[in-house]
Structure formats: C-alpha cells, structure tokens
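# Examination of the molecular architecture
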Amino acid sequence: MSTTMADRSRRLATRIGRATGTTTRDAVGRPASHRELVRRELAAYADRIDLAGLVREHGSPLFVLDPDRVTTQLLALRRELPMARVHFATKSLPHPAVIRAVDAFGAGFEVASRGEIDLLERAGIATAHCLHTHPVKTVADLTGAYLRGIRTFVVDNPAEVAKFRGLPPDVAVLVRLSYPNSAAKSDLSSKFGVRPEDAAPLVAQCLREGLRVAGFTFHVGSQTASAAPWAHAIRRTLALMGRLEAAFDVRFDTLDLGGGFPVAYDEPVPSLADLARGIRSALDGVPDRYRILIEPGRFVSAPAMTLVTRVIGVAERADGRWAYLDQGVYGAYSNIPAEDVHALVFAASELGGAIGGERGEPGGASRADDRARVPVTLAGPTCDSVDVIARRLPLPALAEGDLLVSPMMGAYTAATATSFNGITPTPVVVVPA
Ligand SMILES: Cc1ncc(COP(=O)(O)O)c(C=O)c1O
C-alpha cells in the first residue's frame, strides 16, 4: 500500500474516533448502548461522506461503498496479525472497487469459482498468488484456474485428489480440516473438511499421486466471536503437521487460518486486538518456515457498505404498525435469512445532519427528538410473508418517503441478493476518493 493511502486511512480512522469515541455515556451518565454508539458514528460518517448528497444523486435503495473502510480493516489485520498474509475472501463482496483497494494494499485474494477469477482478471490482478479454496470443483474449473495462473488449491476428500491427475508438478494443495464450531453464525465444518484424525490417508494419497501438499487450512466458522476456536484449531493442526512431517518425511510450508473474523451488527463483538492476542499465543513457537495465511471476508467487507432504503408504504395491522421498504430479505438484507445476522436499522431522522432532514431532503434538523418512538415492523417489498427485516423495532414514527440507514452492510448482502418478485437489485455507488 502506498504511504499516501496509509496516511489517508489513518487520518480517516482518527477523524471517526474524534467524532464518536469521546463520549461513551448517555445524557444521564449511564454507559451508552451499542446502538447509541453506532448511531453516533453513523451520524458523523453520513455527514462526512455526504450521504444525503449521494442519495439525492443516486436515489434509493442504495448501497454506498467506501474503499477507505476496506483499507482501514486491512490495516487493523496487519497491525494485530503481522505474521499473516491476507487473502481477501472475494465472495463476501465481489466488487471492482473492493478488489482495487485490496490489491492496492498489497493483500491477495481467496477465490472459489470461475466467476471470481474473471472478476480479478478484469481488474488486472495477477492470479498467481490467489488461493483457490473450493474443496469440490469440476476438472474443467480446476484446469481453467490452473491455466489462468492459480497454483494453490484445496482438497478435502479422495475423489477430489484424483481430479489433479495430469496437471503439471507446480501445483500445490492445502488439505482442508474440519473443526466444528456450533457457536459460529455459519459453521462450515459439516459441508467441508476432513477430520484431523482422518487426514493422514488423504495426505498419503496426494503424495502417491505426486501432488505437493503445502500444508493445511480450516475455517472456524463465520462471525466467530472468540479466539478459542482458532486457538484449538491452530494447536491441533500444528501437532498434526508435526506428526505427518515425521511419518511421511515431508516438509509443509503453509498454515492457513481461514476467515471467520467477526464484526459488530446488533451487538458488540470482541475487538480484533482481543481475538488476535489468542491467535498469536496459539501460534507461539510455530516453525519459521510456515507461511501463515488468513482469508477474511466479512471483517474486511462488512464495514465497507452502508445501505439506504426508503419507506414505500405504511399500514396498521393486527399486531401494530408496519412500514414497507424498497428492499428486503430477498434483496439487500439477504444476510438476515442466509446468515442470521442483523444489522442495525436507523431512521434517517435519528442521524440528524443533512440525511436526517424531512423526507431525507438536505438541510433539515434531526427529528429524532420530536418524533415519539413507536414499535414498527419493517418489511421488504416482495409479496412473500417471510420478507420481514425486523419486528416491532422502536423507531421514530415512519411515513412514506422516509429514509432508513443500516451500517455494516457490505458482507454477503449485494453478493447474495436476488431479484425475486422482479425487484431490481440495489445499485452500489462508490464514495468518491
Ligand atoms: C474458504 C473460505 N475462506 C474464507 C471465507 C470468508 O469467511 P468470513 O467472511 O467469515 O471471514 C469463506 C466464507 O465462506 C470461505 O468459505
């Protein structure tokens, strides 16, 4: 990453901190709630990036993508886990502006499909240092990825190893291990990975086939809010690597700790500093010749997008007031059903400043105090009854045309949204540099 970019990102983080970090108490001296702290930060951020102006220009619904936030997250990872090379999980937010920011920082990419390789190629990324992590792929996809420059792949079962037959010897594989984690929002260990106790025959098969085993990889589960699963997986994997090196007289060179780093949606999560402390301590004594990799998706991309939606109608139902938005769980809020994560939703009037003006028009004062909070069910625009974003959320009374804002909406949102019911996907606008 260039010095200018690093400086810019540092200045930006300082500015956010100055705007929000000083008062962590509410008006009567109690510690402010998580929602209140996020509201303050979002209000300052909306002013700084002129969110109101972006909505005026581009309309609603709107994803607002801020590449500086990608850089800020990458800086945090570099600071806390300096020994780890980052391969951004492209699937979490496959957008050219994110790809450019990750590449400019000097980080690499994790890909799992032909489409993701296409995206990187279109952005001019050299794919030689990408990881292809899908443990199950067609021979055509594998060969295509090889021809396009990828050399490191993942295997987790015997049938997959056989697919590498005939590829040149400069290919290496990481063996994916499975470590169940029922506390994660998305436990990936039942769909993929070989149990550590079953890894030896797979490694033996790779070696028989002339396939170089570079090392091991795992994913402790997405949105993992404690260092313990990483510490457990790291310790078991290091022990396994030592045993297999002795048994097969080989030397591994890579330990890939996967993704899973959490972000704060509707509740706080442990800081990256806390998680990293546990991870660093588990890595204590790791042989110098091992490259340590991480594949963060959500941690890098979630803070990078802010979602703006608009109320298209309101109704009184048997269970109270409903407000219908121009995006829902089949669209921009697809992370709700897919992952059971719940970004906070703010009425724009709660944010004050230009975005909080009457009907989202600029220049209006905050209406947060002059409107009583009433429980409202926020629904998406489709005809489906599961299309509900939040039930009985206490918000300032909403009227048709009002704007709502959700921060932390970059990961697995635009990437997983559908156009069910013919609803057009939410456009993404990039915050000008
Ligand atoms: C192989 C692999 N690596 C990394 C990630 C990114 O995970 P997260 O977004 O939890 O950091 C995923 C997500 O599914 C994955 O499958």
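Treat the numbers as computed from the prediction; the structure is a model and nothing was measured. (Residues numbered from 1 in each chain as written. Predicted model: local features only at pLDDT ≥ 70, side-chain atom pairs only at ≥ 80, totals over all residues. Heavy atoms only, no water.)

If you look at the biggest cluster of nonpolar residues, it comprises 103 residues, and the most contacted ones within it are Phe216, Phe218, Leu257 and Leu378. Among the elements that take part in this core, helix α10 (residues 228–248) stands out by supplying 8 residues, more than any other. Split by domain, this core shows at least three residues from each of two domains, domain 1 (3–65 + 302–430) and domain 2 (68–301). Those residues in contact with Leu257, other than ones at most four positions away along the chain, are Phe218, Trp230, Ile234, Ile279, Leu283, Ile292, Leu293 and Ile294. Leu42, Ala43, Val55 and Val308 belong to the second largest nonpolar core, which has 22 residues in total. (Core = buried A, V, L, I, M, F, W, Y, C linked by side-chain atoms within 4.5 Å. Buried < 20%, exposed > 50% of the residue type's maximum accessible area, 1.4 Å probe, protein only. Helix = DSSP H or I, 4+ residues; strand = E, 2+ residues; numbered from the N terminus. Domains from an automatic or database assignment. Contact = heavy atoms within 4.5 Å.)

Moving on, we get to the domain arrangement of the protein chain. Looking at the assigned domains, one finds that the protein chain contains domain 1 (3–65 + 302–430) and domain 2 (68–301). Here the C-alpha centroids of domain 1 and domain 2 sit 32 Å apart. Of the residues lining the interface, 28 residues belong to domain 1; the matching set on domain 2 comes to 28 residues. Carbon and sulfur atoms supply 62% of the area buried between domain 1 and domain 2, which totals about 2500 Å² over both sides. Scanning the region where domain 1 abuts domain 2 turns up 2 salt bridges. If you look at where domain 1 meets domain 2, you find 7 residue pairs in polar contact (both at pLDDT 80 or more). Taken together, the elements giving at least two residues each to the side of domain 1 that touches domain 2 come down to α1 (3–20), α2 (34–48), α13 (335–339) and β16 (428–430). By residue number, the principal contributor to the side of domain 1 that touches domain 2 is α1, which donates 6 residues. (Buried area = accessible area lost by both parts, 1.4 Å probe. Salt bridge = Lys/Arg side-chain N within 4 Å of Asp/Glu carboxyl O. Polar contact = N/O pair within 3.5 Å; in protein donor to acceptor, adjacent residues only side chain to side chain.)

Turning to the side chain of Thr426, a few remarks are in order. Along the polypeptide, Thr426 turns up in the loop between β15 (403–406) and β16. For Thr426, a relative accessible area of 11% gives the class buried. A polar atom in the side chain of Thr426 sits 3.1 Å from the side chain of Gln327. Other than its neighbours up to four places away in sequence, Thr426 contacts Pro61, Leu62, Phe63, Leu307, Gln327 and Ala332.

This paragraph deals with helix α5 (residues 96–105). Among the residues of α5, those classed as buried are Ala97, Val98, Ile99, Ala101, Val102 and Phe105. Taken from the residues just after α5, Gly106 is the one with a positive phi, measuring 100°.

Interaxial distance between α10 and helix α11 (residues 272–282) falls to 9 Å at its minimum, and their mutual angle equals 15°. Between α10 and α11, the angle falls in the class roughly parallel. With respect to the hand of their crossing, α10 and α11 are arranged in right-handed fashion. On α11, the residues touching Trp230, Ala231, Ile234, Arg235 and Leu238 of α10 are Leu275, Gly278, Ile279, Ser281 and Ala282. Its residues placed into classes, the contact of α10 with α11 shows 7 nonpolar, 2 polar and 1 charged. (Axes fitted to C-alpha atoms, helices over the stretch in contact; angles between N-to-C directions. Parallel < 35°, antiparallel > 145°, perpendicular 65-115°, else oblique. Left-handed = near helix turned anticlockwise from the far one by under 90°. Nonpolar A, V, L, I, M, F, W, Y, C, P; charged D, E, K, R; others polar.)

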